[in-house]
Amino acid sequence: DYDKAIESHEESLRIKQERQDTNGIAKSYNNLSIIYTRKGNYPRALDLQFQNLALRRSAPNQMETANTYVNIGNIYWRQKNYEEALKYYHLGLDIFQPLNHKKGIAEATINIGGVLFEQNHFSKALEYFETSLQLNKELGNKLGLAMAYFNLGRIELKLENYDTANWKTSAVWPNLWKHWESCI
């Protein structure tokens, strides 16, 4: 129930504000933003993420700032505002890269590839998906691998390379199954 979740997170936010817990406040903004995104209330979700971003920028943890940029990109992507989505994904990527944060780079690049795919820029999307694939292999991230293979397969289908598409999409299922087993 989204309304109960919002109520609980707003109460948590109020307590964190009373305690002047800046990190906790930022987390509450993020959690509320996720709920509003799922409800389809994108303006409210973005407002909360920008409040989160203002707090994250003033803190020394660059990783949280990068994650917030990616979260903002996700909301713009859902709205099909591809230029803004790409802008925020690249802002996150620009922080992750010098930190050599492979997981963040892998997530940002797969999202950039996804937006480029939606814009029919298949060759550019392919580069980003391949980067994400390589990083997820290095990390042993089965879910990330599955997502990368799936997206690479989608590009091959669009390009009508059916044999290659079949090979790439068939690599999805074992990786998803391994991820699923680890969640049980």
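These numbers come from a predicted model, not from an experiment.

> Is there a simple way to think about the environment of L46 in this case?
When you line up the elements, L46 lands in helix 3 (residues 42–58). L46 gets classed as buried once you look at its relative accessible area, which sits at 10%. Measuring from C-alpha to C-alpha, the distance between L46 and Y76 comes to 8.4 Å, with 30 residues separating the pair along the chain. Setting aside residues no more than four positions away along its own chain, L46 makes contact with I72, I75, Y76 and Q79.

> Quick question: what am I supposed to make of the side chain of T65 here?
Relative to the helices and strands, T65 resides in helix 4 (residues 62–78). Residue classification places T65 among the buried positions, given a relative accessible area of 7%. Aside from chain neighbours lying at most four places away, what touches T65 is L53, R56, R57 and I95.

> Before we go on, may I ask you to explain unusual backbone geometry in this structure?
A negative phi holds for most residues other than glycine; trans holds for most peptide bonds. The phi dihedral of K80 falls on the positive side, at around 65°, and the residue is not glycine. Summarising the element assignment, K80 is placed in the loop between helix 4 and helix 5 (82–99). For K80, a relative accessible area of 59% corresponds to the exposed category. One non-glycine residue with positive phi stands out, namely N100, at about 55°. With respect to the helices and strands, the residue N100 is situated in the loop between helix 5 and helix 6 (102–118). When its relative accessible area of 52% is taken as the criterion, N100 is described as exposed.

Conventions adopted
- Residues numbered from 1 in each chain as written.
- Predicted model: local features only at pLDDT ≥ 70, side-chain atom pairs only at ≥ 80, totals over all residues.
- Heavy atoms only, no water.
- Helix = DSSP H or I, 4+ residues; strand = E, 2+ residues; numbered from the N terminus.
- Buried < 20%, exposed > 50% of the residue type's maximum accessible area, 1.4 Å probe, protein only.
- Contact = heavy atoms within 4.5 Å.

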